[in-house]
Number of protein chains: 2
Amino acid sequence: MNNFSIHILGSGSALPTIKKRPSAQLIKFYGRVFLIDCGEGTQVQLRKQKVSFLKIHHIFISHLHGDHYFGLIGLLSSMHLLGRTKDLHLFCPKPLKDIIDVQLKASHSSFKYNIVYHFLESKQSEIILDEKNLEVYTIPLKHGIYANGFIFKEKPRNRKMKPDKIKFYEIPHYAIPAIKEGGSFITKEGKEIPNDKLTFSQEPSRSYGYCSDTAYREKIIPIIKQVTLLYHEATFLEAERAIAKKTFHSTVIDAANIAKKAEANKLLIGHFSARYLESDYPTFLEEGTSIYNNIEIASEGDVFEL
Amino acid sequence: MNNFSIHILGSGSALPTIKKRPSAQLIKFYGRVFLIDCGEGTQVQLRKQKVSFLKIHHIFISHLHGDHYFGLIGLLSSMHLLGRTKDLHLFCPKPLKDIIDVQLKASHSSFKYNIVYHFLESKQSEIILDEKNLEVYTIPLKHGIYANGFIFKEKPRNRKMKPDKIKFYEIPHYAIPAIKEGGSFITKEGKEIPNDKLTFSQEPSRSYGYCSDTAYREKIIPIIKQVTLLYHEATFLEAERAIAKKTFHSTVIDAANIAKKAEANKLLIGHFSARYLESDYPTFLEEGTSIYNNIEIASEGDVFEL
């Protein structure tokens, strides 16, 4: 099914390199386009993936370390130059508004469209977006400054009718929606037919969890329980555990432990410190898979379909 | 001579594309490294050209439209992460300090090094840097907001002694510096030897002028008179003259007229609007060379030696 996909725009950490760009990911969900984080250079990464800037209607910023938002002002400016008029929803820590405003003031300009700010301030997980078939919740993280991850949860999908049963039990058209939602059916003769005789179960609902940046934090496990795909930062290898602790980051073993305990279906890792080279990647996988076996490394241009 | 060179990091205009990055140029002058403007993505462009971020000690920001400075905060942050401790001199319009400060405040951080701000406020050309063999002056531009170009002028170089004359006239060691600066020499016999008999003239001093962004402005001509290499923005072709006027930008004919009237040795053009494709470049050259014949188009990665 190609209606829920994750697109890696930037998978690096604080220091941009030629290959690794700072954090940014695109979520496509049934034609809607969401951006999580917006490190410097995200605009160009979007162009490389041929994503129209104007299709992005919701942007989620995890925290205000520069490698997660320095590309935002440029993207917002480009949306303006490209003639955007539709509202843009921005979920972010409060000071981001001041950062945007002071730059607009300096250039004596304003955007042609409206930014609808949704300030994140709670230290508890909260629902921040509730749409027809999607819910987005925050995942409060443990970092040097206030930070949230985000989990995108497909709402439970309706069951699917068994076509032959419609005819067999003479089920009228108007009764079908209630059955799809799990109800039974009473026949003309007054007999109750249980739902599982009338419907197939649908695929389970899918979900995507994004956790960056954070120290190891078990408190997030109930929020991401049985997530389909979990992105969890893995800034360091085990040898640098002391630095990870000091900087409120995770090692790959931390990330793997979270994925294991949350019973995630798959773990995606990234945000490696710039000190590591590509030749260190096997070590990331080796350390991680000692705990949890379904791990992949996120790279610029990767697309993951759920 | 390879001790005065211009390195194009970004030659595009407001909308970044895959090929064209926003404005940024590096000036290397006898081992010193200066950055002019710092559009989004400048860090990565510097890495591509293998320039150490820590070697840049002076940054000049022409004006506060985003395509000329959105990459600065990321570069400054990276300098901090890379352990910079040396002062950084920043020549810029005053509001840039607020923009930097509000972002540092949001991340609860400060840099390990000191930014020495040199605020540009004058509407007249002024000298802003005076070093051993280099002077930098502002070039007040005409744009939607307060903007300056910059001219880097090598100071007049000393004349070179003719070695055989030192012996012939028995010129003592201590008298040489004054002669190199243009003085005559009095022999033991009391005879005055004019300077041109004692010295060779050196190559003429070189200069580099950067003018972006600006409408056509003849007032800048005396400031850039006989400049060795002039970069002048040429955002539009003649067909878009009305848009150029409205947005305080130049057409390539404007740029060529300035170069001609200033008697520049060579003209470099860039900052083309994103509406133009590479297939339009010959038209830029065609229109420009109808006025002035030594024009080159600046492209990312280009190096111009003076």
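Cut-offs used in this document
- Residues numbered from 1 in each chain as written.
- Chains lettered and ligands numbered in written order.
- Predicted model: local features only at pLDDT ≥ 70, side-chain atom pairs only at ≥ 80, totals over all residues.
- Helix = DSSP H or I, 4+ residues; strand = E, 2+ residues; numbered from the N terminus.
- Buried ≥ 20, exposed ≤ 12 C-beta atoms within 10 Å, placed from the backbone.
- Contact = placed C-beta atoms within 7 Å.
- Core = buried A, V, L, I, M, F, W, Y, C linked by C-beta atoms within 7 Å.
- Axes fitted to C-alpha atoms, helices over the stretch in contact; angles between N-to-C directions.
- Parallel < 35°, antiparallel > 145°, perpendicular 65-115°, else oblique.
- Nonpolar A, V, L, I, M, F, W, Y, C, P; charged D, E, K, R; others polar.
- Domains from an automatic or database assignment.
- Pairing = 2+ DSSP bridges.
- Least-squares fit on C-alpha atoms with pLDDT ≥ 70 in both.

(A) Representation of the overall build of chain A within the structure. When helices and strands are counted, chain A shows 10 helices and 18 strands. Each principal axis of the C-alpha atoms in chain A carries an extent, and together these give about 75 × 50 × 35 Å. Taken across its 306 residues, chain A has 43% of its residues classed as buried. In chain A, once contacts between residues fewer than 6 apart in sequence are set aside, the share between residues at least 24 apart is 64%.

(B) Main features of the nonpolar core. Core analysis: the largest hydrophobic core is formed by 144 residues, its most contacted members being A:Leu230, A:Leu267, B:Leu230 and B:Leu267. Apart from the residues within four sequence positions on either side, B:Leu267 is in contact with B:Leu230, B:His232, B:Ala255, B:Ala256, B:Ala259, B:Tyr292, B:Asn294 and B:Ile295.

(C) Molecular detail of helix α9 (residues 252-261) of chain A. Residue and element names in this part refer to chain A. Burial analysis of α9 places 7 of its 10 residues in the buried class, the great majority of the element. When we look at burial in α9, the residues that qualify are Val252, Ile253, Asp254, Ala255, Ala256, Ile258 and Ala259. Its buried side turned inward, α9 meets α7 (221-224), β15 (229-233), β16 (266-270), α10 (281-289) and β17 (295-297). Trailing α9 by a residue or two, Glu263 shows a phi angle of about 55 degrees, which is positive.

(D) Region of the structure containing the packing of helix α3 (residues 95-106) of chain A against helix α3 (residues 95-106) of chain B. In contact at an axis separation of 10 Å, α3(A) and α3(B) are set at 170 degrees when each is read in the N-to-C sense. Between α3(A) and α3(B), the interaxial angle falls into the category roughly antiparallel. From α3(A), A:Pro95, A:Asp98, A:Ile99, A:Val102, A:Gln103 and A:Ala106 reach across to α3(B), where they touch B:Pro95, B:Asp98, B:Ile99, B:Val102, B:Gln103 and B:Ala106. Residue composition of the contact of α3(A) with α3(B), grouped by class: 8 nonpolar, 2 polar and 2 charged.

(E) Here's a closer look at the domain arrangement of chain A. The assigned domain composition of chain A is domain 1 (4-157 + 203-299) and domain 2 (163-198). Taken over C-alpha atoms, the centre of domain 1 of chain A sits 44 Å from the centre of domain 2 of chain A.

(F) Geometry of the sheet that holds strand β2 (residues 24-29) of chain B. Residues and elements named next belong to chain B. Pairing in this open sheet of 7 strands is mixed, and the strands run β6-β5-β4-β3-β2-β1-β18 from one edge to the other. Every other strand in the sheet has two partners, leaving β6 (115-119) and β18 (303-305) as the edge strands with one partner each. Mean inter-strand twist for the sheet, computed between neighbouring axes without regard to direction, equals 20 degrees. Two elements, strand β5 (residues 88-92) and β6, share 5 bridges in a ladder whose sense is parallel.

(G) Fine view of unusual backbone geometry. A cis amide bond links A:Ser212 with the next residue in sequence, A:Asp213, at an omega value of 0 degrees. Here A:Asp213 is to be found in the loop between β14 (207-211) and α7. In this structure, B:Asp37 takes a positive phi of about 60 degrees despite not being glycine. Positionally, B:Asp37 belongs in the loop between β3 (32-36) and α1 (42-48). On the basis of neighbour count, B:Asp37 is assigned to the buried category, with 26 C-beta atoms found within 10 Å.

(H) Quick look at the relation of the copies chain A and chain B. For these two chains of identical sequence, chain A goes onto chain B by a turn of 179 degrees and a shift of 0.0 Å along the axis, with RMSD 0.2 Å. Both copies are brought into coincidence by an operation consistent with a two-fold rotation axis. Rotation axis and chain A: the residue whose C-alpha lies nearest the axis is A:Gly41, separated from it by 2.8 Å. By residue overlap, the copies meet face to face through one surface: 100% of the interface positions of chain A are interface positions in chain B.

(I) Spatial organisation of the environment of A:Ser107. With respect to the helices, strands and loops of the structure, A:Ser107 is situated in the loop between α3 and β6 (115-119). Separated by 22 residues in the primary sequence, A:Ser107 and A:Leu129 have C-alpha atoms spaced 32 Å apart. Setting aside anything within four residues of it in sequence, one finds A:Ser107 in contact with B:Leu64, B:His65, B:Gly66 and B:Ile145.

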